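Overview (structure and organization)
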Amino acid sequence: MKAAVYYETGGPDVFRFEDVPDPAVGPEDVLIEVAAVSIEGGDTLNRLGGDLATVPHIVGYQCAGTVIAVGDDVTGFSVGDRVVTTGLDGSHAQLRAVGQSFCWSIPEGVSTEDAACVPVPFGTASDCLFEFGRLQAGESVLIHAGASGVGLAAIQMAKRAGARVMATASSDERLARLVEYGLDDGINYAAVDFVDAVRQLTGGAGADVIVDSVGGSNLQKSLHCLAYRGRCMTFGDAGRETPSSLDISSMRANNQTLVGYFLGAELFLSPRPHAVIAQILDDIAAGQLRVVIDRRFPLEEAGEAHAYIESRQAFGRVLLIP
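Now for a description of the structure that goes with this document. (Residues numbered from 1 in each chain as written. Predicted model: local features only at pLDDT ≥ 70, side-chain atom pairs only at ≥ 80, totals over all residues. Heavy atoms only, no water.)

Focus: a nonpolar patch on the surface
Where nonpolar side chains cluster on the molecular surface, the patch consists of Leu-88, Phe-262, Phe-268 and Leu-269 and spans about 490 Å² of accessible area. Note that Leu-269 resides in helix 8 (residues 263-269). (Patch = residues over 30% accessible without salt bridge, like charges linked within 9 Å, V, L, I, M, F, W, Y side chains within 5 Å. Areas by Shrake-Rupley, 256 points an atom, 1.4 Å probe, with all protein chains shown as cover. Salt bridge = Lys/Arg side-chain N within 4 Å of Asp/Glu carboxyl O. Helix = DSSP H or I, 4+ residues; strand = E, 2+ residues; numbered from the N terminus.)

Below is the structure:
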C-alpha cells in the first residue's frame, strides 16, 4: 500500500509518500480501505516530536472507509461495511487495521468523509462538556479555538444543552462564522484579553466550564476567568507552549476543578465513550449536529495539509483523501 510516512520527527516536510507493507490483520482486527483521513491536532504534534512506533512511521489517529477483511474473532462488522476508526497511529495510509472495539458503523445519511471527522473531536467535546465538565442548562461555557474540530463540536453541543456559549478565535471573521453553530459571544483573542472579556460578559462571575485545547500560558489565564465552582478541562497543547509551572493557588478558595483529559484513555479503559460516539453519529445522521470540512488534500500531499493546519487558517476539519 501507499502511505505518508516519516523517518524522523520534525516539520511537515519530513513526510514521504512511499510503498509500505500492508498492515497485518489480527483475530480481533478490522482491515479497511481508507476513503478519508481526518487530521487531528495530535497528529501534527506527534509528527513534530512524538514517539515513532515504527520506522518508517505512519502517523494518525482517525480515518474512515470500507471493511475489506475481518479477523476470525470479529463480530458486528462484515466486509463491505462503512466504518470510522481510531487508533494511536496508522491513519495516513491507503489501508488500516484496527481493533474492532475502536470501530464504529457509519449510519445511513452520514457520508464517509463526515464520519471520518467524528470520534476524536466530537467525543472529546462531549466528555469535556458533560462527563467531566458537568455542564448544565443555564451555565456559561468558554470554548477555546472555536473554529477547530473540537471547538465547533463543543459549540454545537453546549448550545443544544442550553448553555451560554462563549468562544475564542483569532479574527472577527472566524467568530462571525461560528454564530450559525450556536455561538453567543465571540472573543477575538488577538485583539482583546480573553480573561477581561469573559469577566465582562459574565458580570464578573467568570465561566462555569472552560474547554482549553491550547495549554501553556493560555491554561493559566483560563483559570483566572473560571467561575466559583467552575470546571476547567485541559486536553491539548495546540499553543505548543509548556509553562514551567501552573499557579493553582486561587482554585481552593473558589472550589474550582481542573481536569486533564485524554479520549484515548477512556476508549481503552471503558465502554462508555464508545456508546457516546455511536450516539453522536446517529445525531449527525438526524441533522442535530453538523460536521464542518474546510479542505481536502490528496494523501501524497500530507505535508502540505499539515502545514495548512499549522498556519491556523482552517475552519473545521482538514482531510486527506487516498
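Moving on from the model shown.
Focus on the environment of Glu-18
Take Glu-18: it is sitting in strand 2 (residues 16-19). With relative accessibility at 24%, the residue Glu-18 sits in the partly exposed group. Distance in space between the C-alpha atoms of Glu-18 and Ala-3 is 5.7 Å, their sequence separation being 15 residues. When neighbours within four sequence positions are excluded, Glu-18 is seen to be in contact with Met-1, Lys-2, Ala-3, Val-5 and Tyr-7. Here Tyr-7 takes part through its side chain, which lies 2.7 Å from a polar atom of the side chain of Glu-18. (Buried < 20%, exposed > 50% of the residue type's maximum accessible area, 1.4 Å probe, protein only. Contact = heavy atoms within 4.5 Å. Polar contact = N/O pair within 3.5 Å; in protein donor to acceptor, adjacent residues only side chain to side chain.)

As for the environment of Ala-158
Residue position: Ala-158 is located in helix 4 (residues 149-160). Taking relative accessible area as the criterion, Ala-158 reaches 0% and is therefore assigned buried. Put simply, Ala-158 and Tyr-181 are 23 residues apart on the chain and 10 Å apart in space, counted from C-alpha to C-alpha. Those residues in contact with Ala-158 that lie beyond four places of it in its chain are Leu-129, Leu-135, Val-141, Ala-163 and Val-165.

A look at the packing of aromatic side chains
Taken as a whole and judged by the stated rule, the model has 5 aromatic pairs. An angle of 45 degrees between the planes, with centres 6.3 Å apart, marks the rings of Tyr-181 and Phe-315 as tilted. Residue Tyr-181 is found in the loop between helix 5 (172-178) and strand 10 (185-188), and its partner Phe-315 is found in the loop between helix 10 (302-310) and strand 15 (317-321); the two are separated by 134 residues along the sequence. Residue Phe-315 is classed as buried on the basis of its relative accessible area, which comes to 2%. Seen in terms of ring centroids, Phe-297 and Tyr-308 are 6.0 Å apart; in terms of plane orientation they differ by 50 degrees. Their pairing is tilted. Of this pair, Phe-297 sits in strand 14 (residues 293-298) while Tyr-308 sits in helix 10, placing them 11 residues apart in sequence. With relative accessibility at 6%, the residue Phe-297 sits in the buried group. Positioned above the aromatic ring of Phe-315, the side-chain terminus of Arg-177 is 3.9 Å from the ring centre. One cation-aromatic arrangement involves Arg-295 over Tyr-308; the distance from NZ or CZ to the ring centre is 4.7 Å. (Phe/Tyr/Trp six-rings, centres within 6.5 Å; stacked < 30°, edge-to-face > 60°. Lys NZ or Arg CZ within 6 Å of the ring centre and 35° of its normal.)

Side note on the side chain of Asp-127
Examined against the element boundaries, Asp-127 turns out to sit in helix 3 (residues 119-131). By relative accessible area, Asp-127 is classed as buried at 2%. With residues up to four places along the chain from it excluded, the contact list for Asp-127 reads Phe-132, Gly-133, Tyr-261, Leu-263, Glu-266 and Arg-272.

Here we look at empty space enclosed by the protein
Scanning all chains against the criterion turns up 1 cavity of 30 Å³ or more. Taken as a whole, the largest cavity encloses approximately 60 Å³ of empty space. Taken together, 13 residues make up the lining of the largest cavity; nearest its centre are Phe-122, Gly-149, Leu-152, Val-292 and Arg-317. When contributions to the lining of the largest cavity are tallied by element, the ones reaching two or more residues are helix 3 and helix 4. Residue contributions to the lining of the largest cavity peak at 4 residues, all from helix 4. (1 Å grid on protein atoms, 1.4 Å probe; cavity = no way out; pocket = protein on both sides within 12 Å on 5 of 7 lines; lining within 4 Å. Points joined across faces, edges and corners; volume = space filled by probe spheres on them.)

Regarding the environment of Cys-63
With respect to the helices and strands, the residue Cys-63 is situated in strand 4 (residues 62-70). In this structure, the C-alpha to C-alpha distance between Cys-63 and Ala-36, residues 27 residues apart in sequence, is 5.7 Å. Residues in contact with Cys-63, not counting those within four places in the same chain, are Ile-32, Val-34, Ala-36, Val-37, Val-83, Val-84, Thr-85, Ser-91, Arg-96 and Ala-116.

Remember that the coordinates give geometry; whether it matters functionally is a separate question.
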